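Structural overview for review
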2 protein chains.
Amino acid sequence: MSEDADRQTFSPTRKSLPIMLLRAREAVMFRIRPMLRQIGVTEQQWRVLRVLEESGELDVSTLAERAAILGPSLTRILKTLREVGYIDVRRDRDDRRRSLASLTPAGATLIASAADDSAAVFAAIHAEFGTERTQALLRELDALTEVLGESGPDTAD
Amino acid sequence: MSEDADRQTFSPTRKSLPIMLLRAREAVMFRIRPMLRQIGVTEQQWRVLRVLEESGELDVSTLAERAAILGPSLTRILKTLREVGYIDVRRDRDDRRRSLASLTPAGATLIASAADDSAAVFAAIHAEFGTERTQALLRELDALTEVLGESGPDTAD
DNA sequence: CCCATAAAGTTAACGTGTTAAATAAATGCG
DNA sequence: CGCATTTATTTAACACGTTAACTTTATGGG
């Protein structure tokens, strides 16, 4: 009743790359959310804090790129994080179009307080799915992103 | 300046499973969005229509599960899709708590009109990343979802 | 030096993600 | 049968995703 005849017009949604990536991400996030709730930040706020902890002071564009968050979302997130005191934002003296964000001591403390819980979650995932298998999956995801990122339908010409 | 000493508290964000799944999904969606824009539906609306095309009439809970969309979002999406005439929604006679959604002819026509474009996009992805490699990645994503889905921090007791 | 153009962020508008609470219908038990 | 408890869905509130338009600052050519 759903298919015209004996030919599948689309691959089943169970085998669709976008949906499977979404499902896998959901499964992982399900393990992580309890920790995030505990410290009172959203998943995206956590990514921003993590990137700043990893890279130090960054301009908004680079931060957006590394945290995989779009500009408009990041503007709102930075506003919130600044209001609660986890980050500082200042203007770049040399190029006054740029904003530079950095972690405050309070932000660094927050991240440190979640380190053990975070490690435990990922240790559990490695234990259940396999450390090597997880690493291999990460490599494949990175490869897929690289391959598709080089040229797209909007980059054709 | 970012790390306390010589020990990495967190794995680099470049190797974080949640972030890599997000990046990979973004890379794939970047190829698909032009088609969705053309037919005037969002990514989530498209998933709902695809699932209904694949499975026929479904109750809201099952539809949410298969389209990987949460209940509250689906309520809004179904309202929109009904208003533009792509789906019908009715009450289940046997269990009046349930709503049943199904594709209208207009909805089926919309999907059919995008079939060729959709196939072309996925053919391109298979060509660039490899058909076998893509299949293998899908299997790993499914496996990860299964492994993590069986028990979680909220299912421990 | 002046202006057109580009670049970096922000604002705006609308749709979705996420959690908690509310509504409504079905179920089970005394 | 009557009511407390579940189940299915919706509503509400706030945060983020996405695209387009806008503001401000840099840059380059005349």
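As recorded in an unreviewed UniProt entry, chain A goes by the name Transcriptional regulator, MarR family protein, listed as coming from Maritimibacter alkaliphilus HTCC2654.

One pass over the full model with this rule turns up 19 salt bridges over all chains. Among the ionic pairs, E83(A) bridges to K79(A), the shortest N-O distance being 3.0 Å. One end of the pair, E83(A), and the other, K79(A), are both in helix α4 (residues 71–83), four residues apart, so they sit about a helical turn from each other. A salt bridge links R33(B) to E26(B); the nearest nitrogen and oxygen atoms lie 2.6 Å apart.

So, about the protein's contact with DNA strand D. Neighbouring DNA strand D are 24 residues, the closest being S73(A), R76(A), R96(A), R33(B) and S61(B). The sugar-phosphate portion of DNA strand D accounts for 74% of its atoms within 4 Å of the protein, the bases making up the rest. For DNA strand D, a phosphate oxygen lies 2.9 Å from a polar atom in the side chain of R37(B). Examining the composition of the surface near DNA strand D, we find that four residues originate from one element, α4(A), more than from any other. Its residues assigned to classes, the surface near DNA strand D comprises six nonpolar, seven polar and eleven charged.

When chain A is fitted to chain B, the residual RMSD is 0.1 Å, and the transformation amounts to a turn of 180 degrees plus an axial shift of 0.0 Å. Between the two chains, the operation in question is that of a two-fold axis. Of the C-alpha atoms belonging to chain A, the one lying closest to the rotation axis is found on L21(A), 3.1 Å away.

This next bit is on the nonpolar core. With 86 residues, the main nonpolar core has V48(A), L141(A), V48(B) and L141(B) as its most contacted residues. Setting aside residues up to four positions removed in sequence, L141(B) forms contacts with L17(A), M20(A), L21(A), A24(A), L137(A), L141(A) and L21(B).

Moving on, we get to the interface of chain A and chain B. With 59 residues of chain A at the interface, the matching set in chain B holds 59 residues. Regarding the contact of chain A and chain B, the summed buried area is about 6000 Å², with carbon and sulfur atoms giving 69% of it. Put simply, chain A and chain B have two salt bridges between them. A salt bridge links R133(A) to E140(B); the nearest nitrogen and oxygen atoms lie 2.8 Å apart.

Attention shifts here to the side chain of R47(A). Residue and element names in this part refer to chain A. For R47, the location among the structural elements is in helix α2 (residues 43–55). Accessibility expressed as a relative area gives 8% for R47, which makes it buried. From its side chain, R47 meets the backbone oxygen of A67 in a polar contact 2.7 Å long.

Here we come to α2(A). All names here are of chain A. The end-to-end C-alpha distance of α2, which contains 13 residues, comes to 18 Å, matching closely the 18 Å that a straight helix rising 1.5 Å per residue would cover. Here α2 lies mainly inside the structure; ten of its 13 residues are buried. Listed as buried for α2 are E43, Q45, W46, R47, V48, L49, R50, V51, L52 and E53. G56 sits one or two positions beyond α2 and adopts a positive phi of about 80 degrees.

Evaluated as defined, the whole model comprises two aromatic pairs over all chains. A ring pair is formed by F10(A) and W46(B), whose centres lie 5.9 Å apart and whose planes are at 75 degrees; its orientation type is edge-to-face. Of this pair, F10(A) sits in the segment before α1 (17–39) while W46(B) sits in helix α2 (residues 43–55), each in a different chain. Using a relative accessible area of 10% as the deciding quantity, one classes F10(A) as buried.

Cut-offs and rules
Residues numbered from 1 in each chain as written. Chains lettered and ligands numbered in written order. Predicted model: local features only at pLDDT ≥ 70, side-chain atom pairs only at ≥ 80, totals over all residues. Heavy atoms only, no water. Salt bridge = Lys/Arg side-chain N within 4 Å of Asp/Glu carboxyl O. Helix = DSSP H or I, 4+ residues; strand = E, 2+ residues; numbered from the N terminus. Near = heavy atom within 4 Å. Polar contact = N/O pair within 3.5 Å; in protein donor to acceptor, adjacent residues only side chain to side chain. Nonpolar A, V, L, I, M, F, W, Y, C, P; charged D, E, K, R; others polar. Least-squares fit on C-alpha atoms with pLDDT ≥ 70 in both. Core = buried A, V, L, I, M, F, W, Y, C linked by side-chain atoms within 4.5 Å. Buried < 20%, exposed > 50% of the residue type's maximum accessible area, 1.4 Å probe, protein only. Contact = heavy atoms within 4.5 Å. Buried area = accessible area lost by both parts, 1.4 Å probe. Expected span 1.5 Å × (residues − 1). Phe/Tyr/Trp six-rings, centres within 6.5 Å; stacked < 30°, edge-to-face > 60°.

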